[in-house]
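# Coordinates in review
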Amino acid sequence: MHGVPMEYHGPRKADLLVRFLKKFVAPDVSVLDSDAAIGEFVETAGSSFPLFIGFGLDESVLLNLARKYKKKAWFSVAKDFSEDVMVSYDFDKVPALVAIQPSYNERNIFYGPFEEKFLEDFVKQNFLPLSVPINSDTLKLLRDDDRKIVLTIVEDETDDASRKLVKLLKAAASANRDIVFGYVGVKQFEEFTDSFGSTKKTELPKMVVWDGNEEYFTVIDSEVIHEEDQGSQITKFLEGYREGRTVQKRISGPSLMGYIKSLNMGVKIAYIMVFLVIIVMIVMGFCMDDEPLRVGTRDQADQGTSSASEPERREYKSGDKED
């Protein structure tokens, strides 16, 4: 990357591998000069990374951020575009920076100020969707985000009730960009949810605020989200957290970094097991070259060397042994 070798942490499947590498050799900021070029850029980018398109912005405005976060997102500026594009991307004036999350069908608009500090805050906030599903991939993304995480634990994140709750979480996230909103199902990631004292027998959904490491906070009288008027309960939870009406606790499992490391542990164990099996096979191969000493073959070996008769051997008793 700009002459500096770096380790590749992306996927290994052929199609995704090619897509990642094409992104790395693409321009830091792509310049788009027509509606067709915008459509082609979005299609080529795919859904593996978030996209940032600066409508009416000069590429120099995004260049530093594009180089800094090249491994995490696509960056482009659109010089010429129609009103149809403005309607399609849901902005009504320029300049505007549009953030797109293709995997989650989400868009956010930034109208400035376009100083680098404010731009970077907007870019970093939009590396993640409004409400993050917690899994092995998103945990790695959270590692680089220093915001607190409002974590909602549900029984099954795929059922209708959970989907409805996630929509409410997205609405709350839009108004509280200084914290990350995430959700996880006990059915999908029980080892993770158990660290927060949440199992299939726990009253769910429940909300906590996690620092991403070993501590989390429950909000007094707002831990469990009941079925009625969940939007108001989420608001009450956030107000209680910001006012400090919390109880601090420690997770019972590994920290965020511990979870990330544990995700790779299975592969490492497999390598170790294969190595041990190979070593055992080599040792067994060497042992096959010599006649092994077999337990229980003393009598057969003594038949040609011992002069003791069968009756004498029968008369021998364990009590006759002096030592």
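Structure shown above.
Residues numbered from 1 in each chain as written. Predicted model: local features only at pLDDT ≥ 70, side-chain atom pairs only at ≥ 80, totals over all residues. Heavy atoms only, no water.

One side chain can pair with another of opposite charge once the charged atoms of both are near each other. Counting across every chain of the model gives 15 salt bridges. Of the charged contacts, one joins K68 and E120 as a salt bridge, the two residues approaching to 2.7 Å between their closest N and O atoms. With a gap of 52 residues between them, K68 in helix 3 (residues 59–68) and E120 in helix 5 (residues 116–125) connect regions that are remote in the sequence. The class for E120 is buried, based on a relative accessible area of 15%. Two residues, D178 and R242, come together in a salt bridge whose shortest N-O distance is 3.0 Å. Remark: R242 occurs in helix 9 (residues 230–242) and D178 occurs in the loop between helix 7 (160–174) and strand 8 (180–185); sequence separation between them is 64 residues. Taken together, the salt bridges that share partners define one network made up of D28, R67 and K70. (Salt bridge = Lys/Arg side-chain N within 4 Å of Asp/Glu carboxyl O. Helix = DSSP H or I, 4+ residues; strand = E, 2+ residues; numbered from the N terminus. Buried < 20%, exposed > 50% of the residue type's maximum accessible area, 1.4 Å probe, protein only.)

Turning next to a negative patch on the surface. A cluster of like negative charges, contributed by D33, D35, D80, E83 and D84, occupies part of the molecular surface. By the secondary structure assignment, D33 is in the loop between strand 1 (30–32) and helix 2 (35–45). (Patch = residues over 30% accessible without salt bridge, like charges linked within 9 Å, V, L, I, M, F, W, Y side chains within 5 Å. Areas by Shrake-Rupley, 256 points an atom, 1.4 Å probe, with all protein chains shown as cover. Lys, Arg positive; Asp, Glu negative; His and termini not counted. Charge placed at Lys NZ, Arg CZ, Asp CG, Glu CD.)

Turning to the sheet that holds strand 10 (residues 215–219), a few remarks are in order. Read from one edge to the other, the open sheet built from six strands follows the order 6-8-7-9-10-11, with strand pairing classed as mixed. Two strands bound the open sheet, and with one partner strand each, they are strand 6 (131–133) and strand 11 (246–250). Strand-to-strand twist of the sheet, defined as the mean angle between neighbouring strand axes without regard to direction, takes the value 30 degrees. Of the pairings in the sheet, the one linking strand 10 to strand 11 comprises five bridges and is antiparallel in character. Bridge assignment links T218 to a residue of strand 11, and that residue is V247. (Pairing = 2+ DSSP bridges. Axes fitted to C-alpha atoms, helices over the stretch in contact; angles between N-to-C directions.)

Further remarks concern the nonpolar core. Membership of the largest hydrophobic core comes to 22 residues, with the highest contact counts inside it found for I38, I53, F55, W74, Y89 and F91. Contributions of two or more residues to this core are made by helix 1 (14–25), helix 2, strand 2 (51–55), strand 3 (74–78), helix 4 (83–88) and strand 4 (96–101). A per-element tally of this core places helix 2 first, with four residues. In contact with Y89, other than residues within four places in its own chain, are I38, V42, I53, F55, V98, I100, R107 and I109. Core analysis: the second largest hydrophobic core is formed by 20 residues, V166, I179, M207 and V209 among them. (Core = buried A, V, L, I, M, F, W, Y, C linked by side-chain atoms within 4.5 Å. Contact = heavy atoms within 4.5 Å.)

It is worth stressing that arrangement in space is one thing and function is another; only the former is reported here.
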